[in-house]
Amino acid sequence: MPSQTVEDYLERIYELIEQKGYARVADIAQSLEIAQPTVTRMVQRLAADHYLVYERYRGMNMTDKGRLVAQKIRRRHHILANFFQLLGLSPREVLIEVDGIEHHLSEAAVTRMERLVSYLKDNPKVVKSLIG
Ligand code: FE2
């Protein structure tokens, strides 16, 4: 099982590649608010563990293994964000809550939460009675 840190890096690298077509150490460092040398070490570790292919002057790309982890986390992020949005949290609060718990739920719990989210979306009256 990848650690929480590994998951956070892969999630962010995946998003950067999706948005910009590439992810550089400087971009990752900025968006995770981590020093560049730390990011470089982590990227090298991710490459050694076959989550990424990294060449110092050519940048990085995700392997299928890395992409799978990133997609799993993104799915969770999305479901949990929807859930907290429905409960009326602000975008900033949503982000804090989601990034805190997205690593700690089982697949079974996430799938049930997904069903709950779609139920709540279909039943706005229930949401209203919950949050007033
Ligand atoms: Fe996230």
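The rules behind each value
- Residues numbered from 1 in each chain as written.
- Predicted model: local features only at pLDDT ≥ 70, side-chain atom pairs only at ≥ 80, totals over all residues.
- Heavy atoms only, no water.
- Helix = DSSP H or I, 4+ residues; strand = E, 2+ residues; numbered from the N terminus.
- Contact = heavy atoms within 4.5 Å.
- Core = buried A, V, L, I, M, F, W, Y, C linked by side-chain atoms within 4.5 Å.
- Buried < 20%, exposed > 50% of the residue type's maximum accessible area, 1.4 Å probe, protein only.
- Donors = N, O, S within 2.8 Å, 3.2 Å for Na, K, Ca; no water.
- Tetrahedral: all angles 85-135°; square planar, octahedral: opposite > 155°, others 65-115°.
- Domains from an automatic or database assignment.
- Buried area = accessible area lost by both parts, 1.4 Å probe.
- Salt bridge = Lys/Arg side-chain N within 4 Å of Asp/Glu carboxyl O.
- Polar contact = N/O pair within 3.5 Å; in protein donor to acceptor, adjacent residues only side chain to side chain.

### As for the environment of Arg76
Thinking step 1. Structurally, Arg76 can be placed in helix H4 (residues 64-86).
Thinking step 2. Sequence separation between Arg76 and Leu86 is 10 residues; the distance between their C-alpha atoms is 15 Å.
Thinking step 3. If we skip the residues at most four places from it in the chain, Arg76 touches Glu102, His103, His104, Leu105, Ser106, Glu107 and Val110.

### Topic: the nonpolar core
Thinking step 1. Grouped together as the largest cluster of nonpolar side chains are 22 residues, with contacts concentrated most on Tyr9, Leu10, Ile13, Ile28, Leu46, Leu52 and Met60.
Thinking step 2. Of all the secondary structure elements, the ones that give two or more residues to this core are helix H1 (4-20), helix H2 (25-32), helix H3 (36-48), strand E1 (52-55), strand E2 (59-62) and H4.
Thinking step 3. Top element by residues in this core is H1. It accounts for 6 residues.
Thinking step 4. When sequence neighbours within four positions are dropped, the list of residues in contact with Leu46 reads Val6, Tyr9, Leu10, Ile13, Tyr51 and Leu52.

### A closer look at the coordination of the iron ion
Thinking step 1. The coordination sphere of the iron ion contains the protein donors Glu11 (OE), Glu11 (OE), His77 (ND1), Asp99 (OD), Glu102 (OE) and Glu102 (OE), at a distance range of 2.2 to 2.6 Å.
Thinking step 2. For the iron ion, the 6 donor atoms are set out with angles of 52 to 155 degrees between them, so the coordination reads as irregular.

### Notes on the domain arrangement of the protein
Thinking step 1. If you check the domain split of the protein, you get domain 1 (4-67) and domain 2 (74-131).
Thinking step 2. Spacing between the C-alpha centres of domain 1 and domain 2 amounts to 27 Å.
Thinking step 3. Taken together, the contact pairs 7 residues of domain 1 with 6 residues of domain 2.
Thinking step 4. Taken over both partners, the interface formed by domain 1 and domain 2 buries close to 580 Å², and the fraction arising from carbon and sulfur atoms is 36%.
Thinking step 5. Interface area lost by domain 1 to domain 2 is led by Gln4, Glu7 and Glu11, which between them contribute 63%.
Thinking step 6. Our count for the contact surface shared by domain 1 and domain 2 stands at 2 salt bridges.
Thinking step 7. The closest approach of N and O atoms between Arg74 and Glu18, which form a salt bridge, is 3.3 Å.
Thinking step 8. Counting across the interface, domain 1 meets domain 2 through 5 residue pairs in polar contact (both at pLDDT 80 or more).

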